[in-house]
Amino acid sequence: MTHLLDIEKLTRHFGGLAAVSDLTFHVDENEILGIIGPNGAGKTTAINLVSGVIRPSSGHVRVAGEDVTGLMPHVLARKGLVRTFQSTTVYGERTVRENAMRGAYLGMYPGAVAAFLNTARARRLREESVRRVNELLEWLNLADVAHLKAGSLPYGHQKTLGMVISLAAQPRIIMLDEPVAGLSAEEADHVRDTILKIRERGITVVVIDHNMRFMKGLCDRVMVMNQGHELTTGLPLEVLANPLVIEAYLGRGHAAAHRI
Ligand SMILES: Nc1ncnc2c1ncn2[C@@H]1O[C@H](COP(=O)(O)OP(=O)(O)OP(=O)(O)O)[C@@H](O)[C@H]1O
């Protein structure tokens, strides 16, 4: 069976360290897959490999059956796969709307941006992008602040803007790296609800986070990584009760364990 995202034996070495080793997993259309694991388990490296930020030493990434291993992030964005970063990728000095438009450009074909200035097709593309961005800002409750500098927004809103930037590229799969790191419980709930709304639009989600309350309320399945490998994958509550998972966190100290 072809999954929307198929990862096969993905491996990445940094010098002598295998940050990700023989990692195989899949994500189905419209699913929310969570990735958890102790610090240094290889989660960020894994999504960097999948989203083209770094190249794998070996292994394959397939989107809807097409081998896209090693393609650059902007090429992958046009194939429907985008990601956000741990730190917000928002330009604080730019307005909310200008930031969101960056995502719309990301989803365009080569030449479209260069042609933006004068051709009729370029004008149509620009109008479409503006309409799409306006609709996204409205949908995620940022329309009223679209004219403000992004840096003046509360942190939680900046996280939502990060998602708007990704969504403006019209992805099929969105990968989110620690979307609620540093947020209050209330802000994290808001982000969770936003991601659930994104899924309702038919978008598939891969999300990394350490906040287990957030992940339990969001994910269909959770994959646990440890030392570059997949430790186990299953329903969130099953996975969090798994003694191997508890041990993986306990091995790194009680502070991490308490987050389970
Ligand atoms: N560019 C790099 N060069 C060398 N080592 C790296 C590089 N990126 C990651 N690593 C190492 O790879 C391992 C996995 O790191 P990674 O950031 O993927 O873990 P993580 O599970 O995302 O951790 P965290 O939860 O702390 O973000 C770590 O030992 C890290 O130090």
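By the naming in an unreviewed UniProt entry, the chain goes by Leucine/isoleucine/valine transporter ATP-binding subunit and is assigned to Caballeronia choica.

Colleague: Quick one: what's the story with the site of the ligand, residue by residue and with numbers?
Modeller: Not every one of the 14 residues close to the ligand is listed here, only the nearest: Gly 40, Lys 43, Thr 44, Thr 45 and His 210. A distance of 2.6 Å separates an oxygen atom of the ligand from a polar atom in the side chain of Thr 45. Look at the ligand: alone it shows 640 Å² of surface, and the protein chains cover 59% of it. Counting residues per element, the ones that place at least two in the shell around the ligand are strand S2 (17–27) and helix H1 (43–50). Looking at the shell around the ligand element by element, the count peaks at three residues for H1. Of the residues belonging to the shell around the ligand, the class tally is five nonpolar, seven polar and two charged.

Colleague: Describe the sheet that holds strand S3 (residues 32–36), naming the residues involved and giving the relevant values.
Modeller: Read across the open sheet, the six strands follow the order S6-S7-S8-S3-S9-S10; overall the sheet is mixed. Here the strands that pair on one side only, and so sit at the sheet edges, are strand S6 (81–83) and strand S10 (229–234). The sheet shows a mean angle of 20° between the axes of neighbouring strands, taken without regard to direction. Both S6 and strand S7 (residues 173–177) contribute to a ladder of three bridges, which runs parallel. Residue pairing in the sheet places Leu 81 in a bridge with Ile 173 of S7. In the packing of helix H5 (residues 155–167) onto the sheet, contacts are made with S6 and S7, and the angle to S7 comes to roughly 150°.

Colleague: Tell me what's going on with helix H4 (residues 120–139), and back it up with residues and numbers.
Modeller: Taking 1.5 Å per residue, 20 residues should reach 28 Å; H4 reaches 28 Å between its end C-alpha atoms and fits that length. All of the buried residues in H4 are Ala 122, Leu 125, Ser 129, Arg 132, Val 133, Leu 136, Leu 137 and Trp 139. Looking straight down H4, one finds that the buried residues subtend no more than 160° of arc, so they occupy a single side. The outward face of H4, more than 90 degrees from its buried face, is lined by the exposed residues Glu 127, Arg 131 and Glu 138.

Colleague: Residue-level account of the packing of aromatic side chains, with values.
Modeller: In the structure shown here, the tally under the stated rule is zero aromatic pairs. Just above the ring of Trp 139 sits the side chain of Arg 201; from NZ or CZ to the centre is 3.9 Å.

Colleague: How would you summarise the environment of Ser 166 if you had to cite specific residues and measurements?
Modeller: Among the structural elements, Ser 166 can be located in helix H5. The exposure class of Ser 166 is buried, given its relative accessible area of 5%. Remark: the alpha-carbon pair of Ser 166 and Leu 176, spanning ten residues in sequence, is separated by 9.6 Å. Here Ser 166 is in contact with Val 82, Arg 83, Thr 84, Pro 171 and Ile 174, once residues within four sequence places are set aside.

Colleague: Account for the sheet that holds strand S1 (residues 5–14), with residues named and values stated.
Modeller: The strand order S2-S1-S4-S5 describes an open sheet built from four strands, whose pairing is antiparallel. Two strands in the sheet have a free side with no partner beyond their single neighbour: S2 and strand S5 (66–67). Where strand S4 (residues 58–63) meets S5, two bridges bridge the pair, whose relative direction is antiparallel. Looking across to S5, one finds that Val 63 is bridged to Glu 66.

Colleague: Before we move on, can you summarise the side chain of His 3 with the specific residues and values?
Modeller: The topology assignment puts His 3 in the segment before S1. In this structure His 3 comes out as buried when scored by relative accessible area, which is 15%. At 2.7 Å, the side chain of His 3 and the side chain of Asp 28 are in polar contact. Once residues within four sequence positions are removed from consideration, His 3 is found in contact with His 26, Val 27, Asp 28, Ala 64 and Gly 65.

Quick notes on the rules
Residues numbered from 1 in each chain as written. Predicted model: local features only at pLDDT ≥ 70, side-chain atom pairs only at ≥ 80, totals over all residues. Heavy atoms only, no water. Near = heavy atom within 4 Å. Polar contact = N/O pair within 3.5 Å; in protein donor to acceptor, adjacent residues only side chain to side chain. Areas by Shrake-Rupley, 256 points an atom, 1.4 Å probe, with all protein chains shown as cover. Helix = DSSP H or I, 4+ residues; strand = E, 2+ residues; numbered from the N terminus. Nonpolar A, V, L, I, M, F, W, Y, C, P; charged D, E, K, R; others polar. Pairing = 2+ DSSP bridges. Axes fitted to C-alpha atoms, helices over the stretch in contact; angles between N-to-C directions. Contact = heavy atoms within 4.5 Å. Expected span 1.5 Å × (residues − 1). Buried < 20%, exposed > 50% of the residue type's maximum accessible area, 1.4 Å probe, protein only. Arc of directions from axis to C-beta. Phe/Tyr/Trp six-rings, centres within 6.5 Å; stacked < 30°, edge-to-face > 60°. Lys NZ or Arg CZ within 6 Å of the ring centre and 35° of its normal.

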